[in-house]
Amino acid sequence: MAAAPVEYTIGGVKINFPCKAYPSQLAMMNSIIRGLNNGQHCLLESPTGSGKSLALLCSALAWQQAHSADCKKPEVATPCQCVCHNRNAHPTFSSTASKPPLVDLPREGTSAQPWKPTLCSRLSEKIQASLSNGEQDDDFKIDGKRIRTTGTEQKSSKRRCLERGVIYIDDDDEEEEHLERPVPGAQSWTMELNSGARADSCQSQPQCCVSAPQTHGSGRKKIPKIFFGTRTHKQITQIARELKRTLYSTVPMTILSSRDHTCVHPEVVPHANRNERCKELLEAKNGLSCRYYHNVHKMRDQNTLQWVHGLHHAWDIEDLVRLGGKLRSCAYYAARELMQDACIVFCPYNYLLDPLIRESMEINLKEQIVVLDEAHNIEDCARESASYTLNQAQLLLARDEIDGMVTHNIRRDQHRPLLAFCCSLANCNSLEEREYESSCKVWTGTEILGIFHALGITADTFSLLQKNLAAVLEKEERIGLVNGREDTVQVPTISSNTQSMLKSLFMVLEFLFRQNCRFADDYRVALQQSFMWTTQQDLPDAQGFFARPQRRRQSTRTKTLVHTLSFWCLNPAVAFSDLSDSVRSIVLTSGTLSPMGSFSSELGIKFSIQLEANHVISKSQVWVGTIGAGPQGRKLCATFQHAETFAFQDEVGALLLKVCHTVSRGVLCFLPSYKMLDKLRDRWINTGLWDKLEEQKTVITEPRGGGKGDFDELLQTYYEAIRGTAANNGALLVAVCRGKVSEGLDFTDDNARAVVTIGIPFPNIKDLQVELKMKYNDKHAKSRGLLPGGRWYEIQAYRALNQALGRCIRHRNDWGALILVDDRFRTNPNKYITGLSKWVRQLVRHHDTFTGAMQSLESFSQCQRGAVETFEERPSQAAPQYPSPSTSTSPSPEIITPHKPSDSQLARPNLHTEMQSANSESRLCGPRLTEQHWDEQMSDCCF
């Protein structure tokens, strides 16, 4: 039986929650509401499996709903006493207390009329107005209907509407009754879902009227959109599934993604480069156009999507793709059109950080709310968004292509400066030897600006380069001779690859020249020379025959010299400044933000509200132990020197074999790198240990790279091995920290009864970019409050380790073991244990011997399996009572238990939780939760 919904009141905002909330969820919702009310930024850590996604969605959407209700309230002002207003005033307007007051917002270009309570009176006034003004009769036009305009009007209208980022209040009761069907238990949003721009009603008032103060220049308050960013599209699927469980599932929404995920055109889907093929069809090259794009109007409206096509509740991108295939409509552009009227927009968070993607997707974040889930990688993503790397082949190809444009007199004046720019970059050839077969040269941002200045590229001339690039990308048609006859021909433009390269380079230069070169010292430019092995394509002999594979010579693989030019941003605050300077609030959440001290200094913004929530499980449900020695008693320290030895590799293999024998079902093993995975696999195959592992469990290794389909098939094999009843007891998945398996995948229940981590996943210390970042932090540690380079280096390892450990416990009744294999956890706990997540480090136990650790692990596993079997035999038994979280960190609010509601009250539960703002950023005010209330809450919790 599904849990009854509960209504909480937090900070004056009523939140409809689908069940009784955990204390950690209440703490999260309290922090989010405080942040949104005050326009502050939030940094919130809640362990994986504690229901943070549900708390995020419900609190943010509830605040948005309350904010929209405030926008509908008419401003209290002295009524106008002029003749025209006294004549049109209606005495019953203020008496309609049962419905929220609504604002009349006429369409753009029409004369505004005072409010009339009936449709007939409004139509009558329109007739009188049209007869008096001599205008054409337009009474039979559908009010508020979106008409897809053509050409420049459509583009400009779309841009104007997007720049506003506004959801308008409905002005038509009759449309609202037909289009908004009530959902049981849900409050109506009563917001205008039409995107057509409308003029303010005060524009047609007589001169005698004194107009009221305007808001945002149009008399309407903005309702902020919620941009919900996640790391991957798979995580968006999980978030949409959570949203569907709430009473906010009918909120207008959209999901932004690439053509690879949304294109349904049969001629584009099989194409290797879908973006190129799509653009060719849009430009109608070869006389063919995209019929799917011309049918976007069938599914670009929120009302039509919900009530005509049946997507009433929260939907996934796959639902939109299926609908697009059914209607022969473009799901990619429909999702972008739906953004105009959406209250919440889901997308990967690089769509919000990358300035080029924001411009391409027409995302306007001014005064909006940005929620970034799984934000433990946000610093790396921000740095990558402001960086760019190109190789010599790309640069020379672009140079030759632009040179061809100049030679053929195609927009010669605009192409010449771009050609000179490419030639200047191509002439950078001063290298210094770094290590065997590699050389490099590194410039600071200030030094590279000096080089550009000597080449004539300054802040002023760069703006001219930007104008030249925009000019050469414009579509233009001219009169020319085609087969001896005059006809219109399109002016050639540079290829999309060259366009992308120049746009990315100019994006970096724009950051370098911005605000009087403010970010120049945050960049390093590296020219690197290295060798890579390439495989030559087979060529036929003189007779046109190819050699058989077994007769081919090994010399087909050749060593090729590669030059790359990298513009590296070492300060994530550079890209994040575009967000922090414009948005209303930023909410960063993850289960593995610890240690949290670096986020404020690295991202350059102040997180006024921070929270480190407790887990929802009891201590008896998780076994956390460190093991510093293997079955043979050899010390296990996964440093580079030890990991290369056969003794270490054999000892790790014997340890993993014993864990697989002790723990049933699914076991995950995470290694620091793919290099170690390859070495261990080769060693175990040679020694026969791999066969012994396969006798215990089905062994699967995470592939390096590969397609999405191959990876999904691998996971399906893993799940089937666990569900199956084969002789082997479950499956072992050997993966890599920072890989696909460690990020965002849900290994619930039997899919991960144990997580084994080998070593500590530090980044490659020999990587040039890592080395430069550490030196950068050391230089600015005191002046900017950055972490020292060594501390930053350690934190990168801890976050990757915490993310891998979070794959195990996924819900309140889940259980599992976390096994940290490395002697450094025991010998130096103050350094290595403190970097773990709060809920993990509180439970860590060090084991002196391997035998003692395995005995403890076996006892824990048997106890948990017995508890599960007992629970399955006695389903009516009450759920176990769990102790409340530590009151020293987050005391719980008082829960006022209501009486059982009647049937008529089920739609709107009358359980209220009053929560007030706390002085401490991570505390909730109010009395402690009593043991009785805690037991009642925990027995019915869900997320």
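Just so we're clear, the structure is a prediction, and the values are computed from it rather than from any experiment.

Draft legend 1. Structural context of the overall build of the protein. The secondary structure content of the protein amounts to 34 helices and 24 strands. Residues counted as buried form 50% of the 943 residues belonging to the protein. When the accessible surface of the protein is summed, it comes to about 45,000 Å², and 50% of that surface belongs to carbon and sulfur atoms.

Draft legend 2. Focus on the pattern of salt bridges. Counting across every chain of the model gives 30 salt bridges. Linking K779 and D521 is a salt bridge whose minimum nitrogen-to-oxygen distance equals 3.4 Å. Taken together, the residues K779 in helix 28 (residues 768–784) and D521 in the loop between helix 20 (496–517) and strand 13 (523–535) connect sequence positions 258 residues apart. A salt bridge links E651 to R634; its shortest N-O distance comes to 3.1 Å. Separated by 17 residues along the polypeptide, E651 in helix 24 (residues 646–662) and R634 in the loop between strand 17 (622–627) and helix 23 (640–643) bring together distant segments of the chain. Exposure remark for R634: the relative accessible area of 40% places this residue in the partly exposed category. Connected through shared salt-bridge partners, R358, E510, R514 and D578 make up one network.

Draft legend 3. Region of the structure containing the sheet that holds strand 15 (residues 585–590). Strand order in this open sheet of seven strands is 5-6-4-7-15-3-16, and the pairing throughout is parallel. Each having just a single partner strand, strand 5 (253–255) and strand 16 (609–612) make up the two edges of the open sheet. Strand-to-strand, the axes of this sheet are offset by a mean angle of 15°, without reference to chain direction. Across the sheet, helix 21 (residues 573–580) is in contact with strand 7 (369–372) and strand 15; its angle to strand 15 comes to roughly 125°.

Draft legend 4. Just the packing of aromatic side chains, in detail. Under the defined criterion, the tally for this structure stands at 13 aromatic pairs. Ring geometry for Y8 versus F17: centroids 6.4 Å apart, planes at 75°, classification edge-to-face. Per residue, the accessibility class of Y8 equals that of F17, and both read buried. Here the aromatic rings of Y332 and Y333 are separated by 4.9 Å at their centres, their planes lie at 85°, and the arrangement is edge-to-face. Of the two residues, Y332 and Y333, neither departs from the other in class, the shared state being buried. Looking at K740, its charged tip hangs above the ring of F711, at a distance of 5.3 Å from the centre. One Lys or Arg, R824, reaches over the ring of Y832 and ends 5.8 Å from the middle of that ring.

Draft legend 5. Summary view of the sheet that holds strand 21 (residues 754–758). Here seven strands make up an open sheet; going across it, the order is 19-20-18-21-22-17-23 and the pairing parallel. The open sheet has two edge strands with one neighbour each: strand 19 (698–701) and strand 23 (845–847). On average, each strand axis in the sheet is tilted by 20° relative to the strand beside it, whichever way the strands run. Looking at chain direction, strand 18 (residues 666–671) and strand 20 (residues 731–736) are connected through six bridges and run parallel. By the bridge assignment, V667 is partnered in strand 20 with L732.

Draft legend 6. Quick look at unusual backbone geometry. One non-glycine residue, N409, lies in the positive phi region at around 55°. Tracing the backbone through its elements, the reader meets N409 in the loop between helix 16 (392–407) and helix 17 (412–426). A positive phi angle is found at D749, which is not glycine, with a value near 55°. Along the chain, D749 falls in the loop between strand 20 and strand 21. A residue is classified by how much of its surface remains accessible, and D749, at 30% relative accessible area, is partly exposed.

Draft legend 7. Molecular detail of the environment of R826. Tracing the sequence through the fold places R826 in helix 30 (residues 824–827). When the C-alpha atoms of R826 and T626 are compared, they prove to be 7.1 Å apart, with 200 residues separating the residues in sequence. Setting aside residues no more than four positions away along its own chain, R826 makes contact with H846 and D848. A polar atom in the side chain of R826 sits 3.0 Å from the side chain of D823.

Draft legend 8. Molecular detail of the pairing of strand 7. Every second residue of strand 7 is oriented toward a common face, with I369 and V371 on one face and V370 and L372 on the other, all of them buried. Relative to strand 7, strand 4 (residues 226–230) is paired through four bridges, and the arrangement is parallel. Following the sheet pairing, F228 is matched in strand 7 by V371. Looking at chain direction, strand 7 and strand 15 are connected through four bridges and run parallel. Bridged to V371 within strand 15 is V587.

Thresholds applied
Residues numbered from 1 in each chain as written. Predicted model: local features only at pLDDT ≥ 70, side-chain atom pairs only at ≥ 80, totals over all residues. Heavy atoms only, no water. Helix = DSSP H or I, 4+ residues; strand = E, 2+ residues; numbered from the N terminus. Buried < 20%, exposed > 50% of the residue type's maximum accessible area, 1.4 Å probe, protein only. Areas by Shrake-Rupley, 256 points an atom, 1.4 Å probe, with all protein chains shown as cover. Salt bridge = Lys/Arg side-chain N within 4 Å of Asp/Glu carboxyl O. Pairing = 2+ DSSP bridges. Axes fitted to C-alpha atoms, helices over the stretch in contact; angles between N-to-C directions. Contact = heavy atoms within 4.5 Å. Phe/Tyr/Trp six-rings, centres within 6.5 Å; stacked < 30°, edge-to-face > 60°. Lys NZ or Arg CZ within 6 Å of the ring centre and 35° of its normal. Polar contact = N/O pair within 3.5 Å; in protein donor to acceptor, adjacent residues only side chain to side chain.

Limitation: the analysis is restricted to geometry and does not speak to function.
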